[in-house]
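Next come the chains, spelled out residue by residue.
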Amino acid sequence: MTQSRLQEAAYQGPALDVDKDFYSRIGEDTQARNIIDEFTIPIRSGQAWEVPAGHVCRISTVDGPQVGDLNLWDRHDPRERFWAARTRQLQAAHVSTFDRLWSTLPFLRPMATIVGDTLADYGTDSEGGRVHDTLGTRCDPYVSQMLSGVDFDYHCHSNLVRAILPFGLTEFDVHDVLNVFQCTGLNDNDEYFMKTCPAQPGDHFEFFAEQDLLAALSTCPGGDLSAPMFGDGAEDPVENCHPLKVTVYRLPEDLVGEWEPPISPNYRGAHGLRPQPWA
């Protein structure tokens, strides 16, 4: 009994409950939405944009499979940003509909809730791969230089840095990502692997903004990841790259109802200030 309990999800409790009826209505009632922003991010590029609280943002494939690396910040305080590791613990290593994207300490609240995912039924494939990954992070030129001795300035890290500069942020604000449409897993040696992106033209992933957000997305230079970017036999996979489209929707007031942005836990702090009772 004890061992079975220990093998369940580490974190449980009512604070993690999601109103599935509410988010289902948001994800399903698409006819009443109004587009307030829409653009296409070219291959090997990045762009940042705002998503107001109570709005929905959709990321969709345009003309072929493509992985996108997503960052999120509180629009008014970028110290609050997406926390991939805690999201992985509170939700799952691969996220889908009704999962939430959580923010860093000391804020610790949902930044967004996933309300639409056309790859939700992908599940786990024969090699253990799943989509929308929080296991890995963005590709970057530092690893490229370290592993291959190659200078390349269009990795996701670089694309995200360029995307956020107009908003007053820098390289130090770029953080671990949600790899949208990316198929990954852990092999028998507990090593991270990446597979070909299963998305087809028109597939989409969308989230409801739980607070005013600044989002940034990179169209990964690996494209659909069907070819290795590092190691023996690696070649430039530019032919496998495709754009991604971003659409921001305003929702009708009656659909949002009495929803309010989530608040942070009522922890009053005192790190290192109180004496340890056992000392």
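Rules used in this analysis
- Residue numbering note: each chain is counted from 1, following its sequence as written.
- Local features in a predicted model are, by the rule used here, given only for residues with pLDDT of at least 70; side-chain atom pairs are given and counted only at 80 or more, and totals for whole chains, interfaces and linings are based on all residues.
- Calculated side-chain values reflect all of the structure's heavy atoms, with hydrogen atoms and water omitted.
- We define a salt bridge as a side-chain nitrogen of Lys or Arg found within 4 Å of a carboxyl oxygen belonging to Asp or Glu.
- Secondary structure elements follow DSSP: runs of H or I no shorter than four residues count as helices, runs of E no shorter than two count as strands, and numbering proceeds from the N terminus.
- Each residue's exposure class comes from its accessible area (1.4 Å probe, protein chains only) as a fraction of the maximum for that residue type: buried when under 20%, exposed when over 50%, partly exposed otherwise.
- Strands pair, by our definition, only if DSSP identifies at least two bridges between them.
- Each axis is a line fitted through C-alpha atoms, and for a helix only the stretch in contact is used; angles between axes span 0 to 180 degrees, taken between their N-to-C directions.
- Any N or O atom pair separated by 3.5 Å or less is treated as a polar contact, with the protein-specific requirement of one donor-capable and one acceptor-capable atom, and with residues adjacent in sequence counted only for side-chain atom pairs.
- Should any heavy atoms of two residues lie within 4.5 Å, those residues are counted as being in contact.
- We call a set of buried Ala, Val, Leu, Ile, Met, Phe, Trp, Tyr and Cys residues a nonpolar core when their side-chain atoms join them within 4.5 Å.

## Some words on the pattern of salt bridges
Right, so step 1: Per the stated rule, a full pass over the model turns up 13 salt bridges.
Right, so step 2: Residue Arg 33 is joined to Glu 206 by a salt bridge in which the shortest nitrogen-to-oxygen separation is 2.7 Å. Of this pair, Arg 33 sits in the loop between helix 2 (20–28) and strand 1 (34–41) while Glu 206 is found in strand 11 (residues 204–209), placing the two residues 173 residues apart along the sequence.
Right, so step 3: Among the residues examined, Arg 33 registers a relative accessible area of 7% and is labelled buried.
Right, so step 4: For Glu 206, a relative accessible area of 1% gives the class buried.
Right, so step 5: Glu 210 serves as the salt-bridge partner of Arg 100, at 3.2 Å between the closest nitrogen and oxygen.

## Describing the sheet that holds strand 7 (residues 110–117)
Right, so step 1: Spatially, 1-13-3-11-7-6 is the arrangement adopted by the 6 strands of the open sheet, whose pairing is antiparallel. Two strands close off the open sheet at either side, each with one partner strand: strand 1 and strand 6 (100–102). Here the strands of the sheet are splayed against their neighbours by 20 degrees on average, with no regard to which way each runs.
Right, so step 2: Note that strand 3 (residues 56–61) and strand 13 (residues 244–250) share 6 bridges and pair antiparallel. For Ser 60, the partnering residue across the bridge sits in strand 13 and is Lys 245.

## A word on the side chain of Thr 87
Right, so step 1: Looking at the element boundaries, Thr 87 is found in helix 3 (residues 84–90).
Right, so step 2: Judged by relative accessible area, which is 0%, Thr 87 ranks as buried.
Right, so step 3: A polar side-chain atom of Thr 87 sits 3.0 Å from the main-chain amide nitrogen of Trp 102.
Right, so step 4: With residues up to four places along the chain from it excluded, the contact list for Thr 87 reads Phe 82, Ala 92, Val 95, Arg 100, Leu 101 and Trp 102.

## Section: the nonpolar core
Soluble, globular proteins show a tendency: their nonpolar side chains are buried together.
Right, so step 1: Counting residues in each nonpolar core, the largest one holds 37 residues, and the members touching the most others are Trp 49, Leu 70, Leu 72 and Phe 181.
Right, so step 2: If one sorts the elements of this core by residue count, strand 9 (residues 178–186) sits on top with 4 residues.
Right, so step 3: Once residues lying within four places of it in the same chain are set aside, the contact partners of Leu 70 are Trp 49, Ile 59, Val 177, Leu 178, Val 180, Phe 207, Ala 215, Ala 216 and Leu 217.

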